[in-house]
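Structural characterization, general
For reference, the chains in residue letters:
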Amino acid sequence: MASLPPPIHVVLFPFMSKGHTIPIFDLARFLLTRSISITIFTTPANRPFFSDSLSDTNINIIEIPFPQNIQGIPPCVESTDKLPSMTLFPTFANSTKLMKPHFEKALESLPPVTFMITDGFLGWTLDSANKFGIPRLVYFGMSAFSWALSISAASVLRTELSDDESYQVPDFPWIKLTRNDFDLSIRERDPKGPDTDFTMESIIATSKSYGLLVNTFYELESVYVDYCNRISSPKSWCIGPFCALHELPRKQQGISEKPSYIKWLDGMLKQGEQVLYVAFGTQAELSLEQFKEIQIGLEKSQVNFLWVVRRTIDEGFKNRVKNRGRVVTEWVDQRKVLSHRSVQGFLSHCGWNSVIESISAKVPILAWPMMADQHLNARMVVEEIKIGLRVETCDGSVRGFVKCEGLVKPIKELMEGAKGKEARKKVKEIGEAAINAVKEGGSSWQTLNELINELTENRKV
């Protein structure tokens, strides 16, 4: 009798940030549909979040210590959303390299690993993968659109072009960008410093890895996926949107009480009211002046809204909008909010997770990018796939200050106007395609099968 092939065992290691971790949880569930054994790594402070999120699975969770006594990083801070300022990000990210001995010691004790999927910000895991002869796949929470434009525009960014001067992207002449559409570490003519060094290390480690997993579906970004695979390495594999998967049945753990914000949305739905969801992720840093303009804009817009904030809101504002607005300061399940039938618009920073979740929920976006790849994502949302509108800055710069008037007009247009209606129609079409991509037989489903087959065949050679 022929011996049975060894079981497939995959190691997952997300970066210590909820925006990086949550998609990996979704990816883990996608892998579980293939009867794959999974081990996921985290740190002690993040363990409760992992245990709670994965309680209905048989995923093996291993915690390894997070480095202590790192200059500038407060004690017990093991996730970027707990950092006092995002200026500490390079220090935080670089400190993870000190976890390498613990990671490798844990790998030694595990059953044979077929392949590992680690975050792009954990470039040092490539050394560990090579040491144990394990193929490393990289997860970067970016769109293929952003990745392709960053490659293509690199030469233009070294010219004397002013920050807000529009130019055609060399390989995509139908797209116009400005230097300000790129993060500072990329758009500088002579980039240097901790941010740049860390970015380059991550990119080099990625280029030497087995493959790049993209949380998207081929039909959405085929031009940009093909471009990336033609001129850069490693190969990009589109196996998303992870969030569009029908979740595996959850274990019933007693009667689950709905969060108060969902109850509020239920009430708005009963009244036949539409709601604008407002959230800017866990890392955006808004000035007090800008924060006040948002309050004024939401109040003047007269639309119903659910606003997730990370700072205290004055009671006067809450009282004035109490019949149509809800302010939430705790962490919310964004996917549940977006899938609620009352939510008909999303004022978003355009982090890729938020964009792909909005597409999967078929909710149009009002784009207000702030950092990282968000400006490129906003271009894609508004100009490329046309599923949203954009806030208006005072000076026309993509990084300019937004006064209340620059919010009120596009909010009303998104929720009530003709352009909003068109965006809503378009996102429904694309959202349906997203859901079909991860269904059995869909493009992402098939791509994942191809990847697993390729990796297991290589193991036999």
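The following paragraphs examine the structure supplied in this document.

Time to look at the overall build of the protein chain. For the protein chain, the helix and strand inventory stands at 18 helices and 15 strands. Expected size for 461 residues packed as a compact globule is a radius of gyration near 23 Å; at 22 Å, the protein chain falls within 12% of this value. Each principal axis of the C-alpha distribution contributes one length, and for the protein chain these read about 70 × 60 × 50 Å. Put simply, the protein chain has 461 residues, and 56% of those count as buried. A sequence separation of at least 24 residues applies to 65% of the contacts in the protein chain between residues at least 6 apart. Accessible surface computed for the protein chain: about 20,900 Å², of which carbon and sulfur atoms make up 52%. Of the charged side chains in the protein chain, 53 are positive and 53 negative, and the gap between their average positions amounts to 4 Å.

What follows is about the sheet that holds strand S10 (residues 275-279). Ordered by their spatial adjacency, 6 strands build an open sheet running S12-S11-S10-S13-S14-S15, and the pairing between neighbours is parallel. Of all the strands in the sheet, the pair left with one neighbour each is strand S12 (325-328) and strand S15 (388-390). Strand-to-strand twist of the sheet, defined as the mean angle between neighbouring strand axes without regard to direction, takes the value 20 degrees. Sheet analysis places S10 next to strand S13 (residues 343-348), joined by 5 bridges and oriented parallel. Across the sheet, Ala 279 pairs through a bridge with Ser 348, a residue of S13.

This part covers the nonpolar core. In summary, soluble globular proteins display a tendency toward joint burial of nonpolar side chains. Within the largest apolar cluster, 45 residues are counted, with the highest numbers of intra-cluster contacts made by Leu 220 and Ile 359. Not counting residues up to four positions away in its chain, the partners in contact with Leu 220 are Trp 352, Ile 356, Ile 359, Met 380, Ile 385 and Ile 430. The next biggest cluster of nonpolar side chains, apart from the first, holds 34 residues, and it includes Leu 137, Leu 213, Val 438 and Trp 445.

In this section: the packing of helix H6 (residues 144-152) against helix H15 (residues 374-384). The N-to-C vectors of H6 and H15 enclose an angle of 110 degrees; their axes lie 9 Å apart at closest approach. The orientation of H6 relative to H15 falls into the category roughly perpendicular. When the axes of H6 and H15 are compared, the crossing they make is right-handed. Counted together, Phe 145, Ser 146, Leu 149 and Ser 150 of H6 and Leu 376, Asn 377, Arg 379, Met 380 and Glu 384 of H15 form the full contact between these two elements. Taken together, the residues of the contact of H6 with H15 break down into 4 nonpolar, 3 polar and 2 charged.

Looking now at the sheet that holds strand S3 (residues 60-63). Here we have 7 strands laid out as an open sheet, ordered S3-S2-S1-S4-S5-S8-S9, and parallel in their pairing. On the outer flanks of this sheet lie S3 and strand S9 (235-238), each paired with one strand and no other. Each strand axis lies, on average, 25 degrees off the axis of its neighbour in the sheet, ignoring direction. Relative to S3, strand S2 (residues 37-42) is paired through 4 bridges, and the arrangement is parallel. Pairing of Phe 41 across the sheet is with Ile 62, part of S3.

Taken as a whole and judged by the stated rule, the model has 17 salt bridges. Linking Glu 201 and Lys 97 is a salt bridge whose minimum nitrogen-to-oxygen distance equals 2.7 Å. Placement of Glu 201 in helix H8 (residues 194-207) and of Lys 97 in the loop between helix H3 (89-95) and helix H4 (100-109) is noted, with a sequence separation of 104 residues between them. Residue Glu 201 is classed as partly exposed on the basis of its relative accessible area of 38%. Here Lys 97 falls in the partly exposed class, since its relative accessible area comes to 32%. Residue Asp 163 is joined to Arg 179 by a salt bridge in which the shortest nitrogen-to-oxygen separation is 3.4 Å. One end of the pair, Asp 163, is in the loop between H6 and strand S6 (167-169); the other, Arg 179, is in the loop between strand S7 (172-177) and helix H7 (184-187), and 16 residues separate them in sequence.

For the bond from Ser 233 to Pro 234, the omega torsion is 0 degrees, close enough to zero to count as cis. Structurally, the position occupied by Pro 234 is in the loop between helix H9 (218-231) and S9. Cis geometry marks the peptide bond from Gly 240 to Pro 241; its omega dihedral reads 0 degrees. Along the chain, Pro 241 falls in the loop between S9 and helix H10 (260-270). Of note, Cys 76 is a non-glycine position whose phi angle comes to about 70 degrees, a positive value. Along the polypeptide, Cys 76 turns up in the loop between S3 and H3. Despite not being glycine, Lys 386 has its phi angle at roughly 55 degrees, a positive value. Among the secondary structure elements, Lys 386 is positioned in the loop between H15 and S15.

Attention now goes to the packing of aromatic side chains. In total, this model carries 28 aromatic pairs according to the counting rule given. Cluster of aromatic residues (ring-pair linked, three or more members): Phe 15, Phe 66, Phe 89, Phe 92, Phe 121, Phe 140, Trp 147 and Phe 198. The ring of Phe 49 is capped by Lys 18, whose NZ or CZ atom sits 4.8 Å from the centre of that ring. Note that Lys 235 overlies the ring of Trp 237, its terminal NZ or CZ placed 4.0 Å from the centroid.

In this section: the environment of Leu 286. Within the secondary structure, Leu 286 is located in the loop between S10 and helix H11 (288-301). Expressed as a C-alpha distance, the spacing of Leu 286 and Arg 310, which sit 24 residues apart in the sequence, is 10.0 Å. The residues touching Leu 286, leaving out its near neighbours within four places in the chain, are Phe 280, Phe 291, Ile 294, Arg 311 and Met 370.

Attention now goes to the side chain of Gln 290. Counting through the fold element by element, Gln 290 comes out in helix H11. At 2.6 Å, the side chain of Gln 290 forms a polar contact with the backbone oxygen of Val 402. Discounting residues that sit within four places of it in the chain, Gln 290 has contacts with Trp 368, Phe 401 and Val 402.

What counts, and at which threshold
- Residues numbered from 1 in each chain as written.
- Predicted model: local features only at pLDDT ≥ 70, side-chain atom pairs only at ≥ 80, totals over all residues.
- Heavy atoms only, no water.
- Helix = DSSP H or I, 4+ residues; strand = E, 2+ residues; numbered from the N terminus.
- Rg over C-alpha atoms; globule rule 2.2 N^0.38 Å.
- Buried < 20%, exposed > 50% of the residue type's maximum accessible area, 1.4 Å probe, protein only.
- Contact = heavy atoms within 4.5 Å.
- Areas by Shrake-Rupley, 256 points an atom, 1.4 Å probe, with all protein chains shown as cover.
- Lys, Arg positive; Asp, Glu negative; His and termini not counted.
- Charge placed at Lys NZ, Arg CZ, Asp CG, Glu CD.
- Pairing = 2+ DSSP bridges.
- Axes fitted to C-alpha atoms, helices over the stretch in contact; angles between N-to-C directions.
- Core = buried A, V, L, I, M, F, W, Y, C linked by side-chain atoms within 4.5 Å.
- Parallel < 35°, antiparallel > 145°, perpendicular 65-115°, else oblique.
- Left-handed = near helix turned anticlockwise from the far one by under 90°.
- Nonpolar A, V, L, I, M, F, W, Y, C, P; charged D, E, K, R; others polar.
- Salt bridge = Lys/Arg side-chain N within 4 Å of Asp/Glu carboxyl O.
- Phe/Tyr/Trp six-rings, centres within 6.5 Å; stacked < 30°, edge-to-face > 60°.
- Lys NZ or Arg CZ within 6 Å of the ring centre and 35° of its normal.
- Polar contact = N/O pair within 3.5 Å; in protein donor to acceptor, adjacent residues only side chain to side chain.

The quantities given are spatial measurements derived from coordinates; they are silent on function.
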